[in-house]
Every structure is written in C-alpha cells, then in structure tokens.
Amino acid sequence: QAVFAPVGNAPVSDEDLTRIAEIIETRFIALGFDSVFASAKFDGTVLVEFTGEAFFSSVLSQITTRNLLELVDFSGLDAEQVTTYTGIPIQTGNNGTGLQRPGGGAFETVIESDDIESASTRNTPNGVVIDFTLTDEAGERFGEFTANNIGEPLAIVLDGIAISVPTIQSEITNAGIITGNFNEREAQDLAFQLNTGVLPVPIEFISVTTINE
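Quick summary incoming for the structure in this document.

### Observations regarding helix α5 (residues 184–196)
The end-to-end C-alpha distance of α5 is 18 Å, a good match for the 18 Å that 13 residues give at a rise of 1.5 Å each. Residues Ala187, Asp189, Leu190, Ala191, Phe192, Gln193, Leu194 and Thr196 constitute the buried set of α5. Two to three positions downstream of the cap, the backbone nitrogen of Arg185 sits 3.1 Å from a side-chain oxygen, assigning the N-cap of α5 to Asn183.

Below, the structure written as structure tokens:
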C-alpha cells in the first residue's frame, strides 16, 4: 500500500481529498495495477491498496504529476508581447501567480483540463503533438470563442506557463491539437493525465509498504 498527500500537507477540503483519491485510483488502474482501492483518510492523506509493487517506482511521476492544462486568451497581444509571456508563469483563471495581462488582471481561461474528453499523441514531421476532443458544452463554448477571435493568439498553458502560442486560424469546436516542445514520453504522460483527470492540488508521495499475506 502507498500513501500520498497534498504537497507540504497543505489543508484541502474533504471534497478535494476525495477527488484526489478517485484520480489516483483511476491512474493506478490505467497503469495496469491490480486490486486497486484508494481512500481519503482523516489525517489528510490518501491510502492506496494495490498489487504490483515491482514496477511502482517507475511510474510514480505519472501518478503524482498534476499537469493543469489551460487554453488561454492572448487576444490583443502583439508578437513581441507574446514572446514576453511565453515560457514564464502567468496569471490565469486557475493560477494566481505570475505576470498579469498588459494593463493588469489575469488572462482569461477559455478551456481547461476538465473540458477535455479524451487525448492521444501523434508523431508529425514537426514533432509529437497531442490530439484532443472536448465535451459537448466545452466544444460549443470554444467554437464561439474561436469564431470571434480568428487571427488572434491563443496560449497553451501548462501548470501556469505558456508552452506555445498558436494563432487561431478558424473556428474550432469539438477537437484540437496541443503543440509544444514535447518529447514522446512527455506527450504521452500529458495525454495520460488528461485522460485520467487533473488533480485539484499538487500531491506528493509519502511512503509505500509491502504487506505479505
């Protein structure tokens, strides 16, 4: 069995702790572990019972990585400003630290991880990309936004940092592509985490114990 907790034992709501347990359980199962059961504990930790400890350490980062993805409105920024805001922390609807928009305030989050229904990786001549599909509600919202912002920059933001800023070429409804300076493993990990749910807060691994029956 393994124990996980919010980073620094930060206090979280019962709802968030339960959600963390659900996502961790989903990730363990998706990674091929058997007899998985995760539960939120009164001390603010999550206890996971499972079989298959032999390869546990090799996939630990896939279990604990948060990977909060956002598609963020960069409309109105010129090329120089886009360059300034790329690769550094920015303030968004889900990230309260970093650079604000010119004139102040956070950048608007248009789409976030929970809006993504499925994700998969694909190799292209320009490198590996992630194809994604949106939920029906998110697709309708994204379609309206992109139709009204053709020719404007849209930032792909991962954990508060803009990793790439493509230009909106046409209306996009239920599907899109995430580009960035990914290697194949990084892209596969991100797709995995998008498919299994994004943790509400960062977590860390505390301990693992072998129980012999």
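The rest of the description comes next.
### Things to note about the pairing of strand β10 (residues 175–178)
Residues Gly176 and Ile178 of β10 are buried on one face, while the alternating residues Ala175 and Ile177, pointing to the opposite face, are not. Alignment of strand β7 (residues 127–134) against β10, held across 4 bridges, turns out to be antiparallel. What sits directly across from Ile130, in β10, is Ile178.

### Considerations on the environment of Leu31
Along the chain, Leu31 falls in the loop between α1 (14–30) and β2 (34–40). Leu31 sits 21 residues away from Gly52 along the chain, and the two C-alpha atoms are 10 Å apart. Once you skip the residues sitting within four places of it in the chain, Leu31 turns out to touch Phe55, Val59, Gln62, Ile63 and Phe192.

### With respect to the sheet that holds strand β4 (residues 69–73)
Judged by pairing direction, the sheet is antiparallel, and its 4 strands sit side by side in the order β5-β4-β8-β9 without closing on themselves. In this open sheet, the two edge strands, each paired with only one partner strand, are β5 (109–112) and β9 (161–164). Looking at each pair of strands side by side, their axes are set apart by 35° on average, direction ignored. Along the sheet, helix α4 (residues 136–147) makes contact with β4, β5 and β8 (154–158), crossing β5 at roughly 145°.

### Re unusual backbone geometry
Although it is not a glycine, Ser35 adopts a positive phi angle of roughly 50°. Residue position: Ser35 is located in strand β2. The phi angle at Asp159 is positive, at roughly 50°, despite the residue not being glycine. Structurally, Asp159 can be placed in the loop between β8 and β9. For Asp159, a relative accessible area of 40% puts it in the partly exposed group.

### Concerning the environment of Thr146
Here Thr146 lies in helix α4. According to the relative accessible area criterion, Thr146 is buried, its value standing at 0%. Residues Thr146 and Asp115 lie 31 residues apart in sequence; the distance between their C-alpha atoms is 15 Å. In this structure Thr146 touches Ile168, Ser170, Glu171 and Ile172, once residues within four positions along its chain are discounted. At 2.8 Å, the side chain of Thr146 and the backbone oxygen of Phe142 are in polar contact. At 3.2 Å, the side chain of Thr146 and the backbone oxygen of Gly143 are in polar contact.

### Some remarks on the pattern of salt bridges
Within this structure, the stated rule accounts for 5 salt bridges. As a salt-bridge pair, Glu137 and Arg141 come within 2.9 Å of each other at their nearest N and O atoms. Here the residue Glu137 and the residue Arg141 both occupy positions in helix α4, the gap between them amounting to 4 residues, near one helical turn. Take Glu137: its relative accessible area is 48%, and that puts it in the partly exposed class. With a relative accessible area of 30%, Arg141 lands in the partly exposed category. Note that Arg185 and Asp189 form a salt bridge whose closest N and O atoms lie 3.0 Å from each other. You can see Arg185 and its partner Asp189 sitting in helix α5, 4 residues apart, about one turn around the helix. For Arg185, a relative accessible area of 42% puts it in the partly exposed group.

### Concerning the layout of surface pockets
Of the voids in this model, the largest pocket is the one considered here, and its volume is about 300 Å³. A per-class count over the lining of the largest pocket returns 11 nonpolar, 6 polar and no charged.

What counts, and where the lines are drawn
Residues numbered from 1 in each chain as written. Predicted model: local features only at pLDDT ≥ 70, side-chain atom pairs only at ≥ 80, totals over all residues. Heavy atoms only, no water. Helix = DSSP H or I, 4+ residues; strand = E, 2+ residues; numbered from the N terminus. Expected span 1.5 Å × (residues − 1). Buried < 20%, exposed > 50% of the residue type's maximum accessible area, 1.4 Å probe, protein only. Polar contact = N/O pair within 3.5 Å; in protein donor to acceptor, adjacent residues only side chain to side chain. Pairing = 2+ DSSP bridges. Contact = heavy atoms within 4.5 Å. Axes fitted to C-alpha atoms, helices over the stretch in contact; angles between N-to-C directions. Salt bridge = Lys/Arg side-chain N within 4 Å of Asp/Glu carboxyl O. 1 Å grid on protein atoms, 1.4 Å probe; cavity = no way out; pocket = protein on both sides within 12 Å on 5 of 7 lines; lining within 4 Å. Points joined across faces, edges and corners; volume = space filled by probe spheres on them. Nonpolar A, V, L, I, M, F, W, Y, C, P; charged D, E, K, R; others polar.

That is the geometry; function is a separate question.
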